[in-house]
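# Working through the structure, step by step
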Amino acid sequence: QVQLVESGGGLVQAGGSLRLSCVASGRTFSIYGMGWFRQAPGKEREFVAAIGWNYGNTYYADSVKGRFIISRDNANTVYLQMNSLKPEDTAVYYCAAGRSYRLGQISPNEYDYWGQGTQVTVSS
């Protein structure tokens, strides 16, 4: 099993920045990719960004491209740097890990492990 713990959410004004972190523990050797998703009230969970565990290849949703940056370090932590935040970015953000990875892996069904979520609220 893999455990994921997110942190870094909060309240920020439009145009501001936040950095989310996700620490993976447990059988991390089984992880091939990690992603960030978000879910706003009354909406489906949607893909935000993903990164390959071995080669660091990244993929972004069009809605965040150029504003958000996904990265990882060597300590099993994945980050989501969110810049130029907009009120429509308000959602609960979830970290996810997959036992497989391909570029463009955007379906929640393709990820095997999930964190508990962290709230991001952007005020106008």
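Residues numbered from 1 in each chain as written. Predicted model: local features only at pLDDT ≥ 70, side-chain atom pairs only at ≥ 80, totals over all residues. Heavy atoms only, no water.

Counting 37 residues, the largest nonpolar core has Leu-4, Met-34, Trp-36, Leu-80, Met-82 and Tyr-93 as the members making the most contacts within it. Only strand 1 (2-7), strand 3 (18-26), strand 4 (33-39), strand 5 (46-52), strand 7 (68-72), strand 8 (77-82), strand 9 (91-98) and strand 11 (118-123) provide two or more residues apiece to this core. Once residues within four sequence positions are removed from consideration, Met-82 is found in contact with Gly-16, Ser-17, Leu-18, Leu-20, Arg-67, Phe-68, Tyr-93 and Val-120. (Core = buried A, V, L, I, M, F, W, Y, C linked by side-chain atoms within 4.5 Å. Buried < 20%, exposed > 50% of the residue type's maximum accessible area, 1.4 Å probe, protein only. Helix = DSSP H or I, 4+ residues; strand = E, 2+ residues; numbered from the N terminus. Contact = heavy atoms within 4.5 Å.)

Once that is clear, we can look at the sheet that holds strand 7. Sheet architecture is open: four strands sit in the order 1-3-8-7, paired in antiparallel fashion. Each edge of the sheet is formed by a strand with only one pairing partner; in this case those strands are strand 1 and strand 7. Strand-to-strand twist of the sheet, defined as the mean angle between neighbouring strand axes without regard to direction, takes the value 15 degrees. Where strand 1 lies against strand 3, six bridges are found, and the strand directions are antiparallel. Pairing of Leu-4 across the sheet is with Ala-24, part of strand 3. (Pairing = 2+ DSSP bridges. Axes fitted to C-alpha atoms, helices over the stretch in contact; angles between N-to-C directions.)

Turning our eyes to something else, we now look at the state of the cysteines. Evaluation of the coordinates by the stated rule reveals one disulfide. At a sulfur-sulfur separation of 2.0 Å, the disulfide partner of Cys-22 is Cys-95. One quick way to see it: the torsion about the S-S bond of Cys-22 and Cys-95 is about -80 degrees, and its sign makes the bridge left-handed. In this pair, Cys-22 is assigned in strand 3 and Cys-95 in strand 9, connecting sequence segments 73 residues apart. Both residues of the pair, Cys-22 and Cys-95, belong to the buried class. (Disulfide = S-S within 2.5 Å.)

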